[in-house]
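Each chain, letter by letter, is given below.
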Amino acid sequence: MKKKFQDLTIEIVKGDITRQTDIDAIVNAANAFLRKGGGVAGAIHKAAGDELEKEAVSLGPIKPGQAVITSAYNLPNKHVIHCLGPVYERDVPHDKLLANCYDNALELAEKHELKSIAFPAISTGIFGYPVEEAATVALNAIKEKVPFLSHIKLVRMVLFSDNDYLAHESVLKKW
Ligand code: AR6
């Protein structure tokens, strides 16, 4: 499903973030020290190769809501943007910190003059953020950033399960 805002498209798809061959930067749901980790981070590091962790670790540690950018190595993209999402109900206010992830990642992509970026559903796995709540925060944060973006033309959310896709779809349908 897609929504257009003049010449920028916000899109949701079901899929694997490591296979977004048409996207300039993919976003990693990282840990504070930017080590490999599990979940989507594990998949991204595995696909990128060991060099990714070396570069990423040199930029850490980061705090919830922050983002850093690295090369993408063996991934089919130019860059990986690593965001530390909030741990639900530990890192507060969790909605503000989660919105900061999307805002800071988009800011970095814009600064690097990238045309497209793909996000996973940050914090909704190991960090325990309920996906219905996270979908609202994520998509609204992206929408609020649209007026400040000139290079970015496509923002894609890549959802790993049917349930995650449906949670995001119900937010987009209300717009
Ligand atoms: N493509 C897209 N989404 C995926 C993929 C994939 N290949 N694999 C998993 N997901 P999580 P978090 C979804 O736990 O909650 C790591 O160990 C997954 O289904 O990866 O922010 C880090 O090192 C879920 O919906 O990230 C941190 O310590 C979403 O990605 C910690 O986990 C996020 O799940 C971060 O936890």
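Attention here is on the structure that accompanies the text. (Residues numbered from 1 in each chain as written. Predicted model: local features only at pLDDT ≥ 70, side-chain atom pairs only at ≥ 80, totals over all residues. Heavy atoms only, no water.)

One way to put it is that helix H3 (residues 94-111) packs onto helix H4 (residues 131-145) with a least axis distance of 9 Å and a crossing angle of 40°. It follows from the interaxial angle that H3 and H4 lie oblique. Between H3 and H4 the crossing geometry is right-handed. When H3 is examined against H4, the residues His-94, Asp-95, Leu-98, Ala-99, Tyr-102, Asp-103, Leu-106 and Glu-107 are found in contact with a partner set consisting of Glu-133, Ala-134, Val-137, Ala-138, Ala-141, Ile-142 and Lys-145. Tallied by class, the residues present in the contact of H3 with H4 amount to 9 nonpolar, 1 polar and 5 charged. (Axes fitted to C-alpha atoms, helices over the stretch in contact; angles between N-to-C directions. Helix = DSSP H or I, 4+ residues; strand = E, 2+ residues; numbered from the N terminus. Parallel < 35°, antiparallel > 145°, perpendicular 65-115°, else oblique. Left-handed = near helix turned anticlockwise from the far one by under 90°. Contact = heavy atoms within 4.5 Å. Nonpolar A, V, L, I, M, F, W, Y, C, P; charged D, E, K, R; others polar.)

In the vicinity of the ligand there are 21 residues, among which Asn-31, Gly-38, Val-40, Ser-123 and Ile-126 approach most closely. Val-40 has a polar backbone atom sitting 2.7 Å from an oxygen atom of the ligand. Taking Phe-127, its main chain carries an N or O atom lying 3.0 Å from an oxygen atom of the ligand. Contact with the protein chains hides 89% of the accessible area of the ligand, taken as 710 Å² for the molecule alone. Among the elements that make up the shell around the ligand, the one with the highest residue count is helix H1 (residues 39-48) (3 residues). (Near = heavy atom within 4 Å. Polar contact = N/O pair within 3.5 Å; in protein donor to acceptor, adjacent residues only side chain to side chain. Areas by Shrake-Rupley, 256 points an atom, 1.4 Å probe, with all protein chains shown as cover.)

For the rest of this paragraph, the subject is the sheet that holds strand S3 (residues 25-29). The sheet built from 7 strands is open, its strands ordered S1-S2-S7-S6-S3-S5-S4 with mixed pairing. With one partner strand each, in any of the chains shown, strand S1 (2-5) and strand S4 (67-71) form the two edges of the open sheet. Going across the sheet, the axis of each strand differs from the next one's by a mean of 20°, ignoring polarity. Where strand S2 (residues 8-14) meets strand S7 (residues 154-159), 6 bridges bridge the pair, whose relative direction is parallel. (Pairing = 2+ DSSP bridges.)

These figures capture arrangement, not role.
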